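# Geometric and topological summary
What follows is each chain in one-letter form.
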Amino acid sequence: MIEGDAEADAGLEAAVRILRAGGLVANPTETVYGLAADASNPAAVRRLYAVKGRPPGHPVIVHIASVEALSRWASRVSEDARRLAEAFWPGPLTLILPRTAAVVDEVTGGRDTVGLRVPDHPLTLALLRAFDGGLAAPSANRFGRVSPTTAADVLADLGGDVDLVLDGGPCGVGVESTIVDCSEEGAPPVILRPGGVTAEQIEAALGHPVRRTPDGPSRAPGMLPAHYAPHAQVIVVENPEDALALAGAHASTGKPTGLLTPRATRAPEGVSALIAGETPEAYAAVLYDRLREADRLGLDLLVVVPPPAVGVGVAVRDRLARSAAGSVR
Ligand code: TXA
Ligand code: MG
């Protein structure tokens, strides 16, 4: 736990030392915790993949310190891309851009593009400035597990395989960044993954429409449904009354059953009631903790009433859809 300034400085110094030596540091962001390695060190990035258990060939997002750092990583920054970076960085937005020759294949999975973002967390921004380079930083979970939103989640999942965990408190947004592909010259940007920045905000900043992911599983590469699944089977039910009935019926067979709803409900006999949050923002902030809670409770089935598809609710519904698809048995 990093509290006072002196302690925070010592933590940052240690983190920079570890990263320069090719080690791994878990870093807090406003979305989820990242697992950071020096993005210009292929061996460090390979170790990152090994610890995550992630197959090679999956591209990772690179955290950078500022818009000014873009030129080191991106060979062409379209007017739209620059406008988005200036409007939303630091923030929950990842831009896919054509890479420079300096970007190593380990980071891009061999593609000619690179994913870049400036995360909005004071500790990680200080780390990026002190490190003075890019950090390959996928979410700090093993392949196929729910993304961590607290330092304790990171430790529970990765344990001794991470050299240092910088504790920046719980993540405020709670779901991963919006990924926008701006790599195709002359084409409008495409939202590959909905996240903390909404399509409406992006279109307002650009002053023209973008191609959107429909309200269903997103299309960024390497994002399999199972990535978002707890051990429990997840079923998404729009109508709260139907959700109550389904949970009640499953619980009556004696199997551990949970019901995740935006607000408190009278859960049927024998059903564990989990509450997310009334607004899409509140729902997103606790979503992954509630999916973990389903596992802590050893649930067999989690029936979920999703938030409406407005704002970050679109991203929550995307993750829930994949959670449900990934948990079908
Ligand atoms: O909020 C976030 O984005 C978090 C925090 C830690 O920054 N990071 C995150 O990283 O979610 P990760 O590695 O779990 O997901 C990265 C996804 C990849 O699965 C891939 O779909 C997409 O970003 N991606 C990265 N580079 C790409 C590229 N060059 N082209 C297309 N997609 C890319
Ligand atoms: Mg991830």
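Attention in this report is confined to the structure presented alongside it. Given the structure is predicted, the values throughout are model-derived calculations rather than measurements. (Residues numbered from 1 in each chain as written. Chains lettered and ligands numbered in written order. Predicted model: local features only at pLDDT ≥ 70, side-chain atom pairs only at ≥ 80, totals over all residues. Heavy atoms only, no water.)

## Thoughts on the overall build of the chain
Each helix and strand counted, the chain has 11 helices and 13 strands in total. Its C-alpha atoms give the chain a radius of gyration of 20 Å, within 12% of the compact-globule value 20 Å for 329 residues. Expressed as a percentage of its 329 residues, the buried residues of the chain come to 54%. Contacts in the chain between residues far apart in sequence, at least 24 positions, make up 65% of those at least 6 positions apart. (Helix = DSSP H or I, 4+ residues; strand = E, 2+ residues; numbered from the N terminus. Rg over C-alpha atoms; globule rule 2.2 N^0.38 Å. Buried < 20%, exposed > 50% of the residue type's maximum accessible area, 1.4 Å probe, protein only. Contact = heavy atoms within 4.5 Å.)

## Concerning helix 6 (residues 122–131)
An α-helix turns once per 3.6 residues; consequently, residues spaced three or four apart project the same way. Taken together, the buried positions of helix 6 are occupied by Leu123, Thr124, Leu125, Leu127, Leu128 and Phe131. Looking at the buried residues of helix 6, the elements they touch are helix 1 (5–20), strand 1 (25–27), strand 2 (34–38), strand 3 (61–63) and strand 6 (135–136). Taken from the residues just after helix 6, Asp132 is the one with a positive phi, measuring 60°.

## Quick notes on the packing of helix 1 against helix 6
Relative orientation of the contacting elements helix 1 and helix 6 amounts to 55°, with a least axis distance of 10 Å. With respect to their mutual orientation, helix 1 and helix 6 come out oblique. Crossing hand, helix 1 versus helix 6: right-handed. On helix 6, the residues touching Leu12, Ala15, Val16, Leu19 and Arg20 of helix 1 are Leu123, Ala126, Leu127, Ala130 and Phe131. Looking at side-chain class alone, the contact of helix 1 with helix 6 contains 9 nonpolar, no polar and 1 charged residues. (Axes fitted to C-alpha atoms, helices over the stretch in contact; angles between N-to-C directions. Parallel < 35°, antiparallel > 145°, perpendicular 65-115°, else oblique. Left-handed = near helix turned anticlockwise from the far one by under 90°. Nonpolar A, V, L, I, M, F, W, Y, C, P; charged D, E, K, R; others polar.)

## A few points about the packing of aromatic side chains
A complete count under the given rule lists 0 aromatic pairs for this structure. Directly above the aromatic system of Tyr49 lies the positively charged group of Arg54, at a separation of 5.9 Å from the ring centroid. (Phe/Tyr/Trp six-rings, centres within 6.5 Å; stacked < 30°, edge-to-face > 60°. Lys NZ or Arg CZ within 6 Å of the ring centre and 35° of its normal.)

## Let's talk about the sheet that holds strand 12 (residues 271–275)
Taking strand neighbours across the sheet as the criterion, the 4 strands line up as 10-13-11-12 in an open arrangement whose pairing is parallel. Both edges of this open sheet fall to strand 10 (233–236) and strand 12, since each of them pairs with a single strand only. Averaged over all neighbouring strand pairs, the angle between strand axes comes to 20°, with direction disregarded. Sheet topology places strand 10 next to strand 13 (residues 301–304); 4 bridges connect them, and they run parallel. Paired with Ile235 across the strands is Val303, a residue of strand 13. Packing of helix 10 (residues 280–296) onto the sheet brings it into contact with strand 11 (257–261), strand 12 and strand 13, and relative to strand 12 it is tilted by some 155°. (Pairing = 2+ DSSP bridges.)

## A look at the nonpolar core
One finds Trp89, Leu95, Val107, Leu116 and Ile202 to be the most contacted residues of the largest nonpolar core, which totals 49 residues. Only strand 2, helix 2 (42–52), helix 3 (70–73), helix 4 (79–88), strand 4 (93–98), strand 5 (113–117), helix 7 (151–158) and helix 8 (199–206) provide two or more residues apiece to this core. A per-element tally of this core places helix 2 first, with 5 residues. The residues contacting Val107, other than those within four sequence positions of it, are Ala39, Val45, Tyr49, Pro59, Val60, Val62, Val114 and Ala136. (Core = buried A, V, L, I, M, F, W, Y, C linked by side-chain atoms within 4.5 Å.)

## Some points on the pattern of salt bridges
Opposite charge on two side chains permits them to pair, given that their charged atoms come into close proximity. The full count for this structure, using the stated rule, is 19 salt bridges. Residue Asp289 is joined to Arg296 by a salt bridge in which the shortest nitrogen-to-oxygen separation is 3.3 Å. Since its relative accessible area comes to 24%, Asp289 is described here as partly exposed. In the salt-bridge network here, residues are joined through shared partners; they are Glu176, Asp318, Arg319 and Arg322. (Salt bridge = Lys/Arg side-chain N within 4 Å of Asp/Glu carboxyl O.)

## Re the sheet that holds strand 7 (residues 164–165)
Here 9 strands make up an open sheet; going across it, the order is 7-1-2-6-3-5-4-8-9 and the pairing mixed. At either margin of the open sheet sits one strand with a lone partner, and together these are strand 7 and strand 9 (190–193). The pairing of strand 4 with strand 8 (residues 178–181) spans 4 bridges and is parallel. Within strand 8, the residue paired with Leu93 across the bridge is Thr178.

## Remarks on the pairing of strand 2
Extensive coverage of strand 2 is indicated by the burial of 5 of its 5 residues. Relative to strand 2, strand 1 runs antiparallel, the two sharing 3 bridges. Looking at the pairing, Val25 lines up with Ala36 of strand 2. Where strand 1 hands over to strand 2, the hairpin turn is made up of 6 residues, counted between the paired strands.

## Describing the environment of Gly313
Positionally, Gly313 belongs in helix 11 (residues 313–326). Of the residues examined, Gly313 reaches a relative accessible area of 0% and is grouped as buried. In sequence terms Gly313 and Ala282 are 31 residues apart; their C-alpha atoms lie 9.6 Å from each other. Not counting residues within four places of it along the chain, the set of residues in contact with Gly313 comprises Pro280, Pro307 and Pro308.

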